[in-house]
Amino acid sequence: MAVDILLGLQWGDEGKGKIVDVLAPQYQVVARFQGGPNAGHTLEFDGIKHVLHQIPSGIFHSKIKNIIGNGVVLDPVIFKKEIDALGKYNVDYKKNLFLSKKTQIIIPTHRLLDAAYEKSKGENKIGSTLKGIGPTYQDKIARQGLRVGDILSPNFQSKYNKLVQSHKTILEFYNFEYDLTELEKDFFAAINFLKGINLVDSEYMINGFIQEKVTILAEGAQGSLLDVDFGSYPFVTSSNTMAAGACTGLGIAPRHIGKVYGIFKAYCTRVGGGPFPTELNNEEGETLRKVGNEYGSTTGRPRRCGWIDLPALKYAIMLNGVTHLLMMKADVLNSFKEIKVCTHYKLKNGQKVDILSYDVMEEEIEPVYEVLKGWNCSLEGISSFDELPSALSEYINYLENSLKVPVYVVSVGPDRTQTIIKNKVLA
Ligand code: GDP
Ligand code: IMO
Ligand code: MG
């Protein structure tokens, strides 16, 4: 059975958590393949809002196995808190949650390093979530990281001490003051807790499932424009957020990939620093933030808001091989009489382009907009594509024609039930 992938096509926070939860009943396994506690995936049902950071968004379905893959960087302290928060919701994590022994561990000094690096960048800071993501991936690539399987080894403490020592040298270089005592206490308590989790060779588990025709959904974190290779570098995260990341982050051969669900907001947001061509620093941007409740699920920071950016979406669709589009937060545009769509970028020399080449991404570009009619009405109570107001159908048609991929889902609210699926099924 092929593995389907769901990922964000913008700068993250597209609504991945909600949609994984909605699609989960069609799958037997949900797996995270990259990122870590920088992610904040929100799920809403039965009047309760849950925010998951590292645990896959299939966890509330009792029949679904959830896997944290080798490509993830895991903070044991945050992980323990997440599990504790699930306590009152009847989630059987002993039965349904599996953690790869090859997952890299975020240790307290990774978080300190993140803060030290950001501080040293001054105005050019990335706007990191300060969860230690970059430094942990750095150690992974430098072949000196700690992995989950290491916690079972008698050498764990000495491996930890060696890594901390190397971090202390760097922290000293940055003149960064810290106190590790409390942080280490929490860390080692969480490491003990981790020993009681199902620690597995997830690549064998997943490939076994593929042979047995078990259905698997890979859940992306962040978004394509935050990808370390193709995003708005250096204002990116430190992993491959693309479909290809699911192959390396779970140990799946490319030939086993099936559908690629690309999810995007009907507009666009970004949290943290870096270019954002369609950003609205005006009343319209304020409205998007207010109506869309655009505040970070992980850090609470206000998200920057702007119009939808087609060149960026086309780029993400190309890189991921998106087969199905899912449009989120259409309801946030309900009050707009007009909706702008960025179709091109105007370069300094006057040339109009619709690509995100290296040169274009390095330049100060000006968005070129086409103006479409807003639907300017509530979407409440609508349950099928046929009932959508004509201006919203036209917006969807316009996007489908430009992006050359069909839209299968329109989301009209944060709750599980506020999801309109084309013909009620995802073909
Ligand atoms: P993720 O990181 O991609 O999972 O997205 P986040 O959870 O960080 O951010 C998406 C936010 O939008 C969350 O607060 C969701 O509850 C909310 N949300 C998701 N879909 C919709 C929708 O269709 N309409 C509205 N108004 N909110 C939505
Ligand atoms: P989800 O999965 C939105 C952003 C940060 C920062 C940059 C680098 O919820 O969509 P990092 O902590 O990775 O070093 O930060 O990436 N960022 C996100 N923005 N959603 C996320 O995850 C993000 N994870 C990281 O704001 O600009
Ligand atoms: Mg989020």
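Not measured: the values here are computed from a predicted model.

The rules behind these values
- Residues numbered from 1 in each chain as written.
- Chains lettered and ligands numbered in written order.
- Predicted model: local features only at pLDDT ≥ 70, side-chain atom pairs only at ≥ 80, totals over all residues.
- Heavy atoms only, no water.
- Helix = DSSP H or I, 4+ residues; strand = E, 2+ residues; numbered from the N terminus.
- Rg over C-alpha atoms; globule rule 2.2 N^0.38 Å.
- Buried < 20%, exposed > 50% of the residue type's maximum accessible area, 1.4 Å probe, protein only.
- Contact = heavy atoms within 4.5 Å.
- Areas by Shrake-Rupley, 256 points an atom, 1.4 Å probe, with all protein chains shown as cover.
- Lys, Arg positive; Asp, Glu negative; His and termini not counted.
- Charge placed at Lys NZ, Arg CZ, Asp CG, Glu CD.
- Pairing = 2+ DSSP bridges.
- Axes fitted to C-alpha atoms, helices over the stretch in contact; angles between N-to-C directions.
- Polar contact = N/O pair within 3.5 Å; in protein donor to acceptor, adjacent residues only side chain to side chain.
- Phe/Tyr/Trp six-rings, centres within 6.5 Å; stacked < 30°, edge-to-face > 60°.
- Lys NZ or Arg CZ within 6 Å of the ring centre and 35° of its normal.
- Parallel < 35°, antiparallel > 145°, perpendicular 65-115°, else oblique.
- Left-handed = near helix turned anticlockwise from the far one by under 90°.
- Nonpolar A, V, L, I, M, F, W, Y, C, P; charged D, E, K, R; others polar.
- Near = heavy atom within 4 Å.

Visitor: Explanation requested: the overall build of the protein in the structure shown.
Guide: Looking only at helices and strands, the protein features 13 helices and 20 strands. Relative to the globule expectation of 22 Å for 427 residues, the C-alpha radius of gyration of the protein, 21 Å, shows essentially globular dimensions. Seen through its principal axes, the protein has C-alpha atoms that stretch 65 × 50 × 40 Å. A total of 427 residues make up the protein; the buried ones form 56% of that total. For the protein, the share of sequence-separated contacts (at least 6 apart) that also reach a separation of at least 24 residues comes to 76%. As displayed, the protein has an accessible area near 18500 Å², and 50% of this comes from carbon and sulfur atoms. Positive and negative charge centroids in the protein, built from 48 and 48 side chains respectively, lie 5 Å apart.

Visitor: Quick question: what am I supposed to make of the sheet that holds strand β9 (residues 198–200) here?
Guide: Strand pairing in a sheet relies on backbone hydrogen bonds, with the paired strands running either antiparallel or parallel. A sheet is described by the order of its strands in space; here 10 strands give the open sequence β9-β7-β5-β2-β10-β1-β11-β15-β19-β20, paired in mixed fashion. The two strands at the open ends of the sheet, each matched to only one other strand, are β9 and β20 (419–421). Strand after strand, the sheet turns through a mean of 25 degrees between neighbouring axes, direction not considered. Both strand β2 (residues 29–32) and strand β10 (residues 216–219) contribute to a ladder of four bridges, which runs parallel. Pairing of Arg 32 across the sheet is with Glu 219, part of β10. On the sheet, helix α13 (residues 390–403) packs against β11 (257–265), β15 (324–328) and β19 (407–411) and is oriented at approximately 140 degrees with respect to β15.

Visitor: When you look at the environment of Thr 298 in this model, what are you seeing that I'm missing?
Guide: Note on placement: Thr 298 falls in the loop between α10 (283–291) and β13 (304–306). As a C-alpha pair, Thr 298 and Ile 151 span 147 residues in sequence and 27 Å in three-dimensional space. Polar contacts involving the side chain of Thr 298 include one to the main-chain carbonyl oxygen of Asn 38, which spans 3.3 Å. Within the local environment of Thr 298, its side chain forms a polar contact with the backbone nitrogen of Gly 40, the two atoms lying 3.3 Å apart.

Visitor: Teacher, can you tell me more about the packing of aromatic side chains here?
Guide: Aromatic rings considered in pairs are described by the distance between their centres and by the relative angle of their planes. A full pass over the atoms with the stated rule returns 12 aromatic pairs. Here the aromatic rings of Phe 60 and Tyr 89 are separated by 6.4 Å at their centres, their planes lie at 75 degrees, and the arrangement is edge-to-face. With Phe 60 in the loop between β4 (48–52) and β5 (65–68) and Tyr 89 in the loop between α2 (76–86) and α3 (93–96), this pair connects stretches of sequence that are 29 residues apart. Since its relative accessible area comes to 16%, Phe 60 is described here as buried. It is Arg 416 that lies over the ring of Phe 45; its NZ or CZ is 3.8 Å from the centre. When the ring centre of Tyr 408 is taken as reference, the NZ or CZ atom of Lys 422 above it lies at 5.4 Å.

Visitor: Please explain the packing of α2 against helix α7 (residues 181–194) as it appears in this structure.
Guide: As a packed pair, α2 and α7 sit with axes 8 Å apart at the nearest point and diverge in direction by 60 degrees. Compared by their axis directions, α2 and α7 come out oblique. Every pair of crossing elements has a handedness; the one defined by α2 and α7 is left-handed. Side by side, α2 and α7 meet where Pro 76, Val 77, Phe 79, Lys 80 and Ile 83 of the first sit next to Asp 186, Phe 187, Ala 190, Ile 191, Phe 193 and Leu 194 of the second. Looking at the contact of α2 with α7, its residues break down into nine nonpolar, no polar and two charged.

Visitor: Would you take a moment to explain the site of ligand 1 for this structure?
Guide: For ligand 1, the set of nearby residues contains 20 residues, the closest of which are Lys 16, Thr 42, Ser 297, Asp 331 and Ser 411. Contact between ligand 1 and Lys 16: an oxygen atom at 2.7 Å from a main-chain N or O atom of the residue. A distance of 2.8 Å separates an oxygen atom of ligand 1 from a polar backbone atom of Gly 17. When the free accessible area of ligand 1 is taken as 580 Å², the share hidden by the protein chains comes to 95%. Secondary structure elements with two or more residues in the shell around ligand 1: α1 (16–23) and β3 (41–45). A class-by-class count of the residues in the shell around ligand 1 yields four nonpolar, eight polar and eight charged.

That's the geometry; what it means functionally is another story.
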